[in-house]
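Here is what each chain is made of, one letter per residue.
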Amino acid sequence: MKWRAKLLFLVLSVATVLFAAGSVLAEGSGKRLALIVGMSNYALAGTLPNAARDAEAFDAFLRGQGFETSLVLNADRRGLAGALSSFSRKVGPDDVALFYYAGHGMQLHGENFLIGTDAKLESEFDVPAETVALSEIINALEKRARISMVFLDACRNNPLAEKLTREVEGATRGAATRGLAPIETQSGGTLVAFAAAPGQVAADGTDGHSPFTRALIANLSGAGLEVGTAFKRVVRDVRKETQGKQQPQILSSLSLEFYFGPETAVPQVPAVQTAVPQTPAVQAVQPALAVPAIDPEALQAEKDFKKALKIGTARVWHFFVEKHRTGEYADLGRQALAQIEPAAVRNETHLPQSVEARLLSGKDTRRNVQLALAARGFAAGTADGVFGGQTREAIKLFQSSNNQPANGFITERTAAALGIKVNERAEGIYSSPKARRYDVANLEGLETDQTVLRALTCLRHFETVYGMFGGHLYVAVRTGTILAVYARGIAGGCGAHLASISSQEENAFVASLFNADQSFFQSGYDPSGNVSYKMGPWIGLTQDPQGKEPKGGWHWDNGAPMTYTKWFQDMPNENRKGDDIGMYYAHRNGKVDTKSVYVDTWDDMGSTDGTGGLILEFE
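Residues numbered from 1 in each chain as written. Predicted model: local features only at pLDDT ≥ 70, side-chain atom pairs only at ≥ 80, totals over all residues. Heavy atoms only, no water.

We now examine the overall build of the chain. Each helix and strand in the chain was counted, giving 20 helices and 19 strands. When the 619 residues of the chain are sorted by exposure, 50% land in the buried category. Of the contacts formed within the chain by residues at least 6 apart in sequence, a portion of 69% connects residues at least 24 apart. Entry remark: accessible area of the chain is about 28,400 Å², with carbon and sulfur atoms responsible for 52%. (Helix = DSSP H or I, 4+ residues; strand = E, 2+ residues; numbered from the N terminus. Buried < 20%, exposed > 50% of the residue type's maximum accessible area, 1.4 Å probe, protein only. Contact = heavy atoms within 4.5 Å. Areas by Shrake-Rupley, 256 points an atom, 1.4 Å probe, with all protein chains shown as cover.)

Below, the structure written as C-alpha cells:
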C-alpha cells in the first residue's frame, strides 16, 4: 500500500473516533485554528513535488483533530502575507493557533525566512521584500493565542539560499546558510517544531510525503500523548527513515499540556479465551500500563541542549559537548558546533589536553592540583607537577564525584571545584559577532566564567558583544545614542569601567568586538569639514581640565597610565572647548558611504556628543 493511502486511512480513522474519545485541552475552551501552507511550484527555486501534498495531508489530519483550518497552496509572497494577516485576525486569547509550512525556507544573518513562490533573491537586499520573516509570524501568534504552535517542514534544499551563500561577500554562518537558524520565543505558550536540526537540510521525500510530515501525522494523535511526548516519537521515526541524517527539533515554552488526540489512553483488555465466566477470585489481574523509565542524564542533556540552541555560540556549544559526551543530544551538539566553527579550531585548540595546557602552564600549578586532589581523598601520587597515570585516574574520579565529564584532564570547571586559580581564561570573542540580548538563565549550567554571568545579568536589558583578552572581560554594549556621562553611569552600576587600552593587540581585540555590527556607530556628513564621519563606542579616555591642549593631560578613567594611543590622523584637535572624552572614530574626505570603514582609531569628543554604544572592561 502506498504511503498516501496509509495517510488517508489514518486520517479517516482518527476522525471517526476522535470526539467519542473526548480529545480536550488541558485548560480552556477556545477554538483550534490552523493555517496550513504548502509551496511546491517555485518560479526559480525549482519544484518541491511533495510540499503541497504534505500540506493537504496535514490539513486533513488537523480537521480530524477538531481544527478549523485554512489551506493555502503555492502562494507568492503577497499571498502568503495576506493569508497570515487574515489568519492572525481570527485568533482570540482563548484559542490554540497552529501554523504549518511545507516549502522553502532559509536563514540570513541568523534570521529565518519563508519564501514565496515568486522569489528571485538576486541579492540579500531582496530578502525582506520577497520572503516573510519567521519571527514576525511567531510574534503575531504569541500576542493573540493562548497556545501557539508552529510546524516547519521548511529546511529543504534551497538553490536560492545556496546562490546567496556564493554571492554574498564574506558569507558565513551569519549569511545565507543551510537549513534554518535557532530561534527564541517570548511567550510561555509557544511550541516551534523544525523538520531538521539547525544547519541540516530536510528531505522532501521520495514516495509522496516528507519523512517529517509523515511522522507528524502518524504520531501526534496518539491517545494519552501530550504533544511534547508525541514529538519524541516523531524524532525517532524521522531519524530511522533518514538513517540519522535528519533530526527534528522542538523548542517549547508551553506551560499548558496539549493533546492532539484523546487526553487519556483506553486500557486494552485481553480477550477471554474460555467460555466459562470468570469469578472475581480467578479473574486475571490486568497489567499496569508500562511507564517509560526516566533517564536523568538524558533529561539534563535535553534541557542543556535547548539552552545552547537559544544561545547558539561556539563557546556555549563547546561547553555543551564537554558536559554531554554521549547520546543523541551530544551528536546534535557536535553537528551544531561543526556549522559555526572551522574543523581545525575544533580539533586542536579545544582538545582536552590543549585546554589543560593553556590553563595549567607551569609545574607549580600542576603540583597544586595534585595536592588539592590528595586533600580531598583522591590519591594523585607524588606532588611533582607531572600528571602520570595515577594523577589522571584521580582527576577522573574527582570529576565523576562532581558530576563532570570524567576525561582525566583539568578544565575550568574542574579547577574551580578544586579551588585552583588557573593562569588564564580562554581568550577571544565569547558571544555572537553581532549584538544581541542574552538571557542568563540559558547560560547557567553551561557558561563557566562567573564574570560573564555577572556582567550579562547587569546588562540584561542591552544588546552586547563580549569576549576575553588579557584576563579581562570586555563587553561592547549597544545602547542607541548615549552621552558619555550616562555611559560611565552604566559602567559604575555594573562594577566595571569604560575600557582602558594599553597595547596594539588589546586595541585590535576591542575593535573586533563592535566593527561587525554597524548599529554601534553614529554616521553622517559634516559639511564644515567636508568629511563623512563614523563615531564608534565610548572608551575610558579623559583629559584633565588643566591638560595642555590638544594632547596633554590624557589618562584612563581607571588610573592606568597612557602607554599606548591610537588617535585618528590629526586628532585630538580640541575642535571645541571641552572636547576631552575619548571614543572610537574615523572619517573619510567628501560625501561617501562609510559602511565599509573599519574603525580602530580614536577621537576627542565633548560632553554633549552622543554615540551608539560603549565598551566596558571587567577586571
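Moving on: the nonpolar core. Burial of nonpolar side chains together is a common tendency in soluble globular proteins. Core analysis: the biggest nonpolar cluster contains 74 residues, and Tyr-466, Phe-514, Trp-538, Trp-602, Leu-614 and Leu-616 have the highest contact counts within it. Sorting elements by how many residues they give to this core places strand β12 (residues 472-483) first, with 6 residues. Not counting the four nearest positions on each side in its chain, Phe-514 is found in contact with Ala-476, Phe-520, Phe-521, Pro-537, Tyr-584, Val-599 and Ile-615. One finds Tyr-42, Ala-57, Leu-134 and Ile-250 within the second-largest nonpolar core, a separate group that totals 72 residues. (Core = buried A, V, L, I, M, F, W, Y, C linked by side-chain atoms within 4.5 Å.)

Along the chain, Asn-368 falls in helix α14 (residues 363-375). It is 7.7 Å that separates the C-alpha atoms of Asn-368 and Ala-383, two residues lying 15 residues apart in sequence.

Moving on, we get to the packing of aromatic side chains. Centre distance and the angle of the planes are the two values used to describe a pair of aromatic rings. The full count for this structure, using the stated rule, is 26 aromatic pairs. Note on Tyr-438 and Tyr-466: the rings are 5.5 Å apart at their centroids and 80 degrees apart in plane angle, and the pair reads as edge-to-face. With Tyr-438 in the loop between β10 (428-429) and α17 (440-443) and Tyr-466 in strand β11 (residues 463-469), this residue pair connects regions lying 28 residues apart in the sequence. An identical accessibility class is assigned to Tyr-438 and Tyr-466; each is buried. Note on Trp-554 and Trp-567: the rings are 5.0 Å apart at their centroids and 65 degrees apart in plane angle, and the pair reads as edge-to-face. (Phe/Tyr/Trp six-rings, centres within 6.5 Å; stacked < 30°, edge-to-face > 60°.)

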